[in-house]
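# Topology and contacts: notes
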Amino acid sequence: MSFKSMTALFCRTGIAAAALCAGISYAFAHDGQHPSGDNHLLGPGAWGDVKLVGKVAVNDAADDRVADVGALKTFAYLGAFAQENCDLNRENLGNDGGVYVIDIANPAAPKQVGFIPAHQDSYVGEGVHAISVTTSSYNGDLLLMNNESCGKNYKAGLSIWNITNPLKPFKLSENMGDFTAGDVQNQPHDANQIHSVFGWDAGSKAYAVIVDDDERLDVDIMDITNPRKPLLIAEYDARRMFNLSKDRGYGSEAFLHDMVVKQIGTKFYMLMSYWDAGWVVLDVTNPLAPVFIGETDYAAIDPMLLARTGKSLKPEGNGHQAEWTNDNKLMITTDEDFSPFRANFAIKTGPVTGNFDAGEFGYTQPISSTVLDGVLKGPVVFGGYGCPNSPEAIPDPSVLSPITGEKRILVLSRGPVGDPGASYDACFFTDKVDAAVAKGYDAVLIANHHEGADRGDEAGAILCGGSSGSVKQTMGVCISHQALHHLFGSTPNYAVPYPATGEPVVGQIGQRVEVTTTFDGWGYVHLYDAVTFQPLGQFAIKEAFKEANATNSGALSVHEVATDPTTNRAYLSYYAGGFRALKYSRAGLVETGGYLDPKGNDFWGVEIWKHPSTGKKYVLASDLDYGLYIFSVGQ
């Protein structure tokens, strides 16, 4: 592998001590613990009040193989992800998903002691939750895990395992959930795909909330009082049920992504991330009759971008995950933004011209440095969905006739979702980009589908998705479904299911476009008042708002936060930015230390764990390409 490195000394936001500022350098390299050799920031190890206690690689470590982390008693549980090894058209190219069981009784020497499998061609992502439950029907420890698709034989929904003895887990129920999409019975009788799960013991009953990926009613509540027979008891579309605010982040997509439930006094409250709609709190003491408590709004101007770069742009949004603080008076939330550049997209010819919202994928070739003048321009052709199992053939780039300075541009659609004319499963954005690369296109535009436009409650909603995998050898932009219709001269329609006519057809030549980009940084952290829902501060690592780090540094977005249950401490998994430790107050968020491996990291999950024998607290972090890290902070 080639090697390129550079170093830069810096002081972190809010840290005055010279000891924390001196001698900390970062490099960019193609080596390290990442199997593909992709560029990552390389760090000094631990700094400040953070100490690395132990770490362990999972037995089949690979790029993006490890997902979320949960812990219970003396065991940790890591989700087995399979996104980069997934091909929906044939058997899974890598190992199937599931959950790694890690013995952490000795935090200095953690070891993998088992693996709990998901169904064939299924993987586990955000949903790894281990809890103890005592109900009229069950007394013991449960592992709740989500299931997402990664191959033609996948089964989705919620799976529940008995982990009272983690060395001998056994299945209680598998692939359960909502068996309808849009009130239509799924055929075959398969549960909808779910992105995350969170469970809680409510006394005589126990519940789990799951993210339904397949319909507008995306908040699904399961009664797991008897975990052998979980029952779907409620479904919400919080956007419409509670008339969520339209003060949204750039892109305007509003959907449930993740959630936590916490008992505060005698009631149970759910804190939900709703992507570009921010965060929403419901009283779910009675899950059948949720009560709206409040929501956050994104500001008109991104405060962090303005402070760091002087640019006045709308916030990116992408509300990903959040937790209450120990006293329940504050909320710390994370924005997951994989794209450090915002796209300025214009249709230049045809009956409808003008500018439309768009985004640049964070894992494609950056437009600003790929084309000489920083302007991607050229004619477009429609290629359908571009999935590995799509029956339609993507047209050859030779059907386009670019003039001097133009590129050949393929347009694909997100999905399929809700399209009766496409009876196969939706595929990843990365699969679509790969299809464009394989055909030899210079760039690809991926348009939102009808469901995405509806979820955004507006025609111009966009979603770029995300990936921390290898950089693709083409330029890539996400656009709205409205812009898709304007490109191909048809009247915009957002009905679900899709109408029989009115959509572009494969091979249709469209209008000419121009795309430029503006650096707008990566995703960062917010602090809110939990009563008034007003913003109190933000935190971001410095590299995230330096354009020099927009490429060849790995993903520099925050992912998740964990708050200490008894002190004013919070911990962040920051992908290639490492592990970060914060102190918080109403005055804001201050970094006190962190960790970035000398070979680089790609941290996904973070979880606080108290050793049941010693009472000592540790912080667990899952590394996508490696396994588990265990830290102590301020001890």
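Along each chain, the written sequence defines residue order, and numbers are assigned to residues from 1. Predicted model: local features are reported for residues with pLDDT of at least 70 only, side-chain atom pairs are reported and counted for 80 or more only, and whole-chain, interface and lining totals are derived from all residues. Calculated side-chain values reflect all of the structure's heavy atoms, with hydrogen atoms and water omitted.

The method works on a 1 Å grid over the protein atoms by themselves. A cavity is a set of points holding a 1.4 Å probe that cannot get out, a pocket is an open set with protein on both sides within 12 Å along at least five of seven lines, and residues with an atom within 4 Å of a point line them. Grid points are joined across faces, edges and corners, and a volume is the space filled by probe spheres set on the points. Summed over all chains, the structure comprises one cavity of 30 Å³ or more. Considering only enclosed or pocket space, the largest cavity measures out at about 80 Å³ in volume.

A cluster of nonpolar side chains, L231, I233 and L288, forms an exposed patch at the surface whose accessible area comes to about 280 Å². The helix and strand labels rest on DSSP assignments: H or I over at least four residues marks a helix, E over at least two residues marks a strand, and numbering proceeds from the N terminus. Here L288 lies in the loop between β22 (279–283) and β23 (291–295). What goes into a patch is any residue over 30% in relative accessible area without a salt bridge, connected to like charges within 9 Å or, for nonpolar side chains (Val, Leu, Ile, Met, Phe, Trp, Tyr), within 5 Å. The accessible surface values rely on the Shrake-Rupley method and a 1.4 Å probe; as for residues, cover is taken only from the protein chains in view. By definition, a salt bridge exists where a carboxyl oxygen of Asp or Glu is found within 4 Å of a side-chain nitrogen of Lys or Arg.

Turning our eyes to something else, we now look at the pattern of salt bridges. Where charged atoms from two side chains of opposite charge approach closely, those side chains can pair. Applying the stated criterion across every chain, the model contains 17 salt bridges. Linking D529 and R586 is a salt bridge whose minimum nitrogen-to-oxygen distance equals 2.8 Å. Residue D529 is located in strand β33 (residues 525–529), and its partner R586 is located in the loop between β37 (579–585) and β38 (588–596); the two are separated by 57 residues in the primary sequence. Taken together, the shared-partner salt bridges in this structure form one network comprising E316, R342 and D520.

With a 1.4 Å probe rolled over the protein chains alone, any residue whose accessible area is under 20% of its type maximum counts as buried; one over 50% counts as exposed, and the rest are partly exposed. Within strand β29 (residues 409–413), five of the five residues are buried, leaving the element largely enclosed by the surrounding structure. Alternating positions in β29 separate into two faces, I409, V411 and S413 on one and L410 and L412 on the other, with burial throughout. Strands pair, by our definition, only if DSSP identifies at least two bridges between them. Here strand β28 (residues 376–382) runs beside β29; their pairing, made up of three bridges, is parallel. Across the sheet, residue V380 finds its bridge partner in β29, namely I409. Where β29 lies against strand β30 (residues 443–447), five bridges are found, and the strand directions are parallel. By the bridge assignment, I409 is partnered in β30 with A443. The parallel pair β29 and β30 is bridged by helix α5 (residues 429–439), and the resulting crossover is right-handed. We call a crossover right-handed when, viewed with the strands running away from us, the connection from the first strand over the helix to the second turns clockwise.

Secondary-structure assignment places G114 in strand β8 (residues 111–117). Classification of G114 as partly exposed rests on a relative accessible area of 23%. Put simply, G114 and K168 are 54 residues apart on the chain and 8.6 Å apart in space, counted from C-alpha to C-alpha. In contact with G114, other than residues within four places in its own chain, are V99, Y100 and V101. Residue contacts follow a heavy-atom distance rule, with two residues in contact if any of their heavy atoms lie within 4.5 Å.

Another aspect to go through is the packing of aromatic side chains. Stacked, tilted and edge-to-face are the three classes assigned to paired rings of Phe, Tyr and Trp, where Trp is represented by its six-membered ring and a pair needs centres within 6.5 Å; plane angles under 30 degrees give stacked, over 60 edge-to-face, the rest tilted. Within this structure, the stated rule accounts for 25 aromatic pairs. Between F81 and Y123 the ring centres are 4.8 Å apart and the planes differ by 85°, which places this aromatic pair in the edge-to-face class. Of the two residues, F81 is situated in the loop between β6 (75–80) and β7 (98–103) and Y123 in strand β9 (residues 122–123); the sequence distance between them amounts to 42 residues. Residue class for F81 comes out buried when judged on its relative accessible area of 6%. By relative accessible area, which is 3% here, Y123 ends up buried. Taking 5.3 Å as the distance between ring centres and 25° as the angle between the ring planes, the aromatic pair formed by F255 and W275 counts as stacked. Taken together, the positions of F255 in the loop between α2 (238–241) and β20 (258–264) and W275 in the loop between β21 (267–273) and β22 put the pair 20 residues apart, joining distant regions of the chain.

Counting rule for disulfides: a pair of cysteine sulfur atoms within 2.5 Å. If you walk through the whole model with that rule in mind, you get two disulfides. Across the disulfide from C387 sits C427; the S-S distance is 2.1 Å. On the sign convention where negative is left-handed, the bridge of C387 and C427, at about -85° about the S-S bond, is left-handed. Remark: C427 occurs in the loop between β29 and α5 and C387 occurs in the loop between β28 and β29; sequence separation between them is 40 residues. Assessed through its relative accessible area of 10%, C427 is described here as buried. Paired by a disulfide, C464 and C478 hold their sulfur atoms 2.1 Å apart. Disulfide C464 to C478: torsion about the S-S bond roughly -90°, handedness left-handed.

Take it as geometry only, folks, not as evidence of what the structure does.
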